[in-house]
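Chain by chain, the residues run as shown.
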Amino acid sequence: ASDVYKRQGQQYQANHIIIAVGSVAEKLPIEGAELAMNSDGFFALEQQPKSVLIIGGGYIGVELSGVFNTMGTETYLSYRNADILHRFDKDCIHFLKQHMLNDGVRLLPSTVCTKITKQSNGLYRAEIEGHSEIKQLDVEVVLQAVGRVPDIDGLGLENTDVQVEKGRIISDENHFTSAKGIYALGDVTSPLQLTPTAIRAARILGETLFNNRQNLQMDYTNVPTVIFSHPPYGLIGLTEEEAIQKFGAENIKVYRSQFVHMFHSMIEDEQERSKHKVFLKYIVNLEDDERVIGLHCVGLGVDEMIQGFGVAIKMGATKRDFDRCVAIHPTVSEELVLMQPLYL
């Protein structure tokens, strides 16, 4: 063994070293950033704040804004892009934003926090740029959720042949790095920062190294995931925008449906009932037997729905397959097999 790992004066040698240290919360490059907690600080809270400003419109920011708001905290969500979750499907984001606004979350699009100070009354003041009305906010908690970066500082990779690019370890499809006997997986190398993805990659690497199963390989395409927003957003495959870019608008077809969730359909008050809608959407490739290349669902319970449909899409399900499946009534997911049926 030629690889050495040092810690607290101890040395270890091994034929195989796997780097899977995960990621850490990125810090805002502004004055007073140390006054804002990150997602780790959220779990350390002992009391519910009356007001919170969350900075960042990605997974963590959107999810935690829903948690705070549901508990009754006055919640502001500031994000530099025009949309939350700006890399996700535009139809779904529009639908989710309306839900969030109806629930009382105060959205601050295209805004940047430039400074945070602590006031004499114990509140934190955040200076805001980009909003027509709000220039500063005084809140009990400021939470920064502006992304996560690989936690590789201090590992001493500069003493090895491991290649690092833009703060991320470069590895091949088998998670081998450029240094013999050193492997990397999870957040340190993959753009998919998902725990189940890293766990599966680790299992495959273990089988490859120690059980000689050379034919195993992690597949990073069509990975189902859920954003646990309020309501949740589950998806697998391409967004409509990505599908158009990859195949051309003339070669795809989009199926959409929006309706009141079955669980709330008996509410008599029409205005209250309308707050509980579900949005379902899938995209097919017309040049490939109408294969489903993207599925997106927003609403109560979609987090449980997406896993099963993920299996079907991973197996190459087509529009014909969806249409041939008998619906389960009354459920939300039945709409996916009843949506504009072409093959009866």
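Look above for the structure.
Computed from a prediction, not measured in an experiment: that's the story for all the values here.

Definitions and limits used
Residues numbered from 1 in each chain as written. Predicted model: local features only at pLDDT ≥ 70, side-chain atom pairs only at ≥ 80, totals over all residues. Heavy atoms only, no water. Pairing = 2+ DSSP bridges. Helix = DSSP H or I, 4+ residues; strand = E, 2+ residues; numbered from the N terminus. Axes fitted to C-alpha atoms, helices over the stretch in contact; angles between N-to-C directions. Core = buried A, V, L, I, M, F, W, Y, C linked by side-chain atoms within 4.5 Å. Buried < 20%, exposed > 50% of the residue type's maximum accessible area, 1.4 Å probe, protein only. Contact = heavy atoms within 4.5 Å. Polar contact = N/O pair within 3.5 Å; in protein donor to acceptor, adjacent residues only side chain to side chain. Salt bridge = Lys/Arg side-chain N within 4 Å of Asp/Glu carboxyl O. Lys, Arg positive; Asp, Glu negative; His and termini not counted. Disulfide = S-S within 2.5 Å.

Sorry, what's going on with the sheet that holds strand β10 (residues 136–139) here?
Within a sheet, each strand pairs with its neighbour through backbone hydrogen bonds, oriented either parallel or antiparallel. Reading across the sheet, the three strands line up as β8-β9-β10 and stay open at both edges, with antiparallel pairing between neighbours. Of all strands in the sheet, those bounded by a partner on one side alone are β8 (112–118) and β10. Neighbouring strand axes in the sheet, compared pairwise and without regard to direction, differ in orientation by 20° on average.

Help me out: how do you make sense of the sheet that holds strand β5 (residues 51–55) in this one?
Ordered by their spatial adjacency, four strands build an open sheet running β7-β6-β5-β11, and the pairing between neighbours is parallel. The sheet is open, and its two borders are formed by β7 (106–108) and β11 (141–144), each paired with just one other strand. Neighbour to neighbour, the strand axes of the sheet diverge by 20° on average, direction disregarded. As defined by bridge partners, strand β6 (residues 74–78) adjoins β7 across three bridges and the pair is classed as parallel.

Would you explain unusual backbone geometry in this entry?
With the exception of glycine, the majority of residues adopt a negative phi angle, and the majority of peptide bonds are in the trans configuration. A cis amide bond links histidine 230 to the next residue, proline 231, at an omega of 0°. By secondary structure assignment, the location of proline 231 is in the loop between β16 (225–227) and β17 (233–237). Cis geometry marks the peptide bond from histidine 329 to proline 330; its omega dihedral reads 0°. Looking at the secondary structure, you find proline 330 in the loop between α8 (319–324) and α9 (334–338). The phi angle at aspartate 289 is positive, at roughly 60°, despite the residue not being glycine. Position of aspartate 289 among the secondary structure elements: in the loop between β19 (277–285) and β20 (291–298). Even without glycine at this site, glutamate 290 takes up a positive phi of about 55°.

Help me understand the nonpolar core in this model?
The nonpolar side chains of a soluble globular protein tend to be buried, and buried together. Residues Leu77, Ile84, Leu85, Met100 and Tyr233 are the most contacted members of the largest nonpolar core, which totals 26 residues. For this core, the element with the highest residue contribution is helix α3 (residues 90–103), accounting for five residues. For leucine 77, the contacting residues outside a window of four places in its chain are Ile54, Gly56, Gly61, Val62, Ser65, Ile84, Met100, Val105, Arg106, Leu107 and Leu108.

So what exactly am I meant to see when it comes to the side chain of serine 51 here?
On the secondary structure map, serine 51 appears in strand β5. A polar atom in the side chain of serine 51 sits 3.0 Å from the backbone nitrogen of glutamate 140.

Could you clarify how one ought to interpret the pattern of salt bridges in this entry?
Side chains that carry opposite charge are capable of pairing whenever their charged atoms lie near each other. Inspection of the entire model under this criterion finds 13 salt bridges. The shortest N-O distance in the salt bridge between glutamate 207 and arginine 213 comes to 3.4 Å. Salt bridges here are not isolated pairs; linked through shared partners, they connect Asp89, Asp91, Glu240, Arg256 and Lys281.

It is not clear to me how the side chain of glutamate 63 should be interpreted in this structure. Could you clarify?
Structurally, glutamate 63 is set in helix α2 (residues 59–71). We note that glutamate 63 is buried and unpaired, the nearest opposite charge coming from arginine 148 at a distance of 10 Å. Those residues within four positions of glutamate 63 in sequence are excluded, and the remaining contacts are Val226, Ile227, Phe228, Ser229 and His230.

Looking at this structure, how should I read the state of the cysteines?
Working definition: the covalent bond between the sulfur atoms of two cysteines is a disulfide. For the structure shown, the criterion picks out zero disulfides. With no disulfide partner, cysteine 297 has as its closest neighbouring cysteine sulfur the one in cysteine 92, 7.7 Å distant. We classify cysteine 297 as buried; its relative accessible area is 2%. The thiol sulfur of cysteine 325 is not disulfide-bonded, and the nearest other cysteine sulfur, from cysteine 297, lies at 14 Å. With a relative accessible area of 43%, cysteine 325 lands in the partly exposed category.

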